[in-house]
Amino acid sequence: QKEVEQNSGPLSVPEGAIASLNCTYSDRVSQSFFWYRQYSGKSPELIMSIYSNGDKEDGRFTAQLNKASQYVSLLIRDSQPSDSATYLCAVNQKFGNEKLTFGTGTRLTIIP
Amino acid sequence: DVKVTQSSRYLVKRTGEKVFLECVQDMDHENMFWYRQDPGLGLRLIYFSYDVKMKEKGDIPEGYSVSREKKERFSLILESASTNQTSMYLCASSLWDTEAFFGQGTRLTVV
């Protein structure tokens, strides 16, 4: 089992709709969770971080974490064409030091 | 602003060469990471470091080594480059338990 798994996509969503991206992780001791956005040819950039169970909202983005189910998701409301990118889920595992592991990413396309 | 700088944007090397990829960060971050990114495989961790002279193997360390002699600099070394090491290499740094910031990436081609 991979340490971090994402729905592989690609995912196409109409402009103005809600895009839902999902991620599961295998290690129960993981404590920190991140969503990154990566445009083609660019480096990943942070969208959201979440550390405790529940929802965290930032503008059009909402991250949801359920540690019991080992599940983290990202919702994008009122999707815009500029949201078209690959979204990467990352999990920070701690073994006395920190190992940041990424999923393979979900390619999202917003259709005008 | 946090800045993570990788020494080269593009590199072309020959099979068997020893290759050095350099990464420098200017925000006094404890953690530094080297990843490679290939289509369909996402970001895979090669090595990481949580302190000067400390290093830990990631998920795909074979064929690579690293050096961290100063806190701000983390070097990735390909001891004998092979064609299957052609990839995009990304360096990142972070403080404890916070997000990582990435460099611009080095696209390495081994011929």
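Computed from a predicted structure; not experimentally measured.

Once that is clear, we can look at the layout of surface pockets. The volume enclosed by the largest pocket comes to roughly 410 Å³. Along its surface, the largest pocket is lined by 20 residues, and Gln38(A), Gly41(A), Thr86(A), Gln37(B) and Pro39(B) are the ones closest to its centre. Elements with a contribution of two residues or more to the lining of the largest pocket: strand 9 (85–94) of chain A together with strand 4 (31–38) and strand 9 (87–94) of chain B. Residue composition of the lining of the largest pocket, grouped by class: six nonpolar, 10 polar and four charged.

Attention shifts here to the sheet that holds strand 3 (residues 19–25) of chain A. Residue and element names in this part refer to chain A. Ordered by their spatial adjacency, five strands build an open sheet running 1-3-8-7-6, and the pairing between neighbours is antiparallel. A single partner strand is all that each edge strand has here, and the edge strands are strand 1 (4–6) and strand 6 (54–58). Across this sheet, the average inter-strand angle for adjacent strands is 20°, counted without regard to direction. Here strand 7 (residues 61–66) runs beside strand 8 (residues 71–76); their pairing, made up of six bridges, is antiparallel. Counted as the bridge partner of Phe61 is Ile76 from strand 8.

Tallied over the entire structure, the rule returns 11 salt bridges over all chains. For the salt bridge of Glu45(A) with Arg37(A), the shortest nitrogen-to-oxygen distance reads 3.1 Å. With a relative accessible area of 34%, Glu45(A) lands in the partly exposed category. Its relative accessible area of 16% is what places Arg37(A) among the buried residues. Here Asp28(B) ties to Lys71(B) by a salt bridge, and the two come within 3.1 Å at their closest N and O atoms. Highlighted residues: Asp28(B) in the loop between strand 3 (19–25) and strand 4 and Lys71(B) in the loop between strand 7 (64–70) and strand 8 (73–78), separated in sequence by 43 residues. For Lys71(B), a relative accessible area of 27% corresponds to the partly exposed category.

Contact residues are listed per partner, giving 22 residues for chain A and 26 residues for chain B. For the pair chain A and chain B, the two sides together bury roughly 1,800 Å², of which 52% comes from carbon and sulfur. On inspection of chain A and its partner chain B, the count reaches one salt bridge. The interface formed by chain A and chain B includes six residue pairs in polar contact (both at pLDDT 80 or more). Every element with two or more residues in the side of chain A that touches chain B is listed here: strand 4 (32–38), strand 9 and strand 10 (98–102) of chain A. Class assignment for the residues of the side of chain A that touches chain B results in eight nonpolar, 10 polar and four charged.

This part takes up the environment of Ser80(B). As for its position among the elements, Ser80(B) is in the loop between strand 8 and strand 9. As a C-alpha pair, Ser80(B) and Glu17(B) span 63 residues in sequence and 5.2 Å in three-dimensional space.

With that settled, consider unusual backbone geometry. Residues and elements named next belong to chain B. A positive phi is found at Asp28, a non-glycine position, where the angle reads about 60°. Under the relative-accessibility criterion, Asp28 is labelled exposed at 51%. Phi is positive for Lys53, which is not a glycine, with a value near 65°. Its place among the elements puts Lys53 in the loop between strand 5 (42–49) and strand 6 (56–57). Among the residues examined, Lys53 registers a relative accessible area of 57% and is labelled exposed.

Calculation rules
- Residues numbered from 1 in each chain as written.
- Chains lettered and ligands numbered in written order.
- Predicted model: local features only at pLDDT ≥ 70, side-chain atom pairs only at ≥ 80, totals over all residues.
- Heavy atoms only, no water.
- 1 Å grid on protein atoms, 1.4 Å probe; cavity = no way out; pocket = protein on both sides within 12 Å on 5 of 7 lines; lining within 4 Å.
- Points joined across faces, edges and corners; volume = space filled by probe spheres on them.
- Helix = DSSP H or I, 4+ residues; strand = E, 2+ residues; numbered from the N terminus.
- Nonpolar A, V, L, I, M, F, W, Y, C, P; charged D, E, K, R; others polar.
- Pairing = 2+ DSSP bridges.
- Axes fitted to C-alpha atoms, helices over the stretch in contact; angles between N-to-C directions.
- Salt bridge = Lys/Arg side-chain N within 4 Å of Asp/Glu carboxyl O.
- Buried < 20%, exposed > 50% of the residue type's maximum accessible area, 1.4 Å probe, protein only.
- Contact = heavy atoms within 4.5 Å.
- Buried area = accessible area lost by both parts, 1.4 Å probe.
- Polar contact = N/O pair within 3.5 Å; in protein donor to acceptor, adjacent residues only side chain to side chain.

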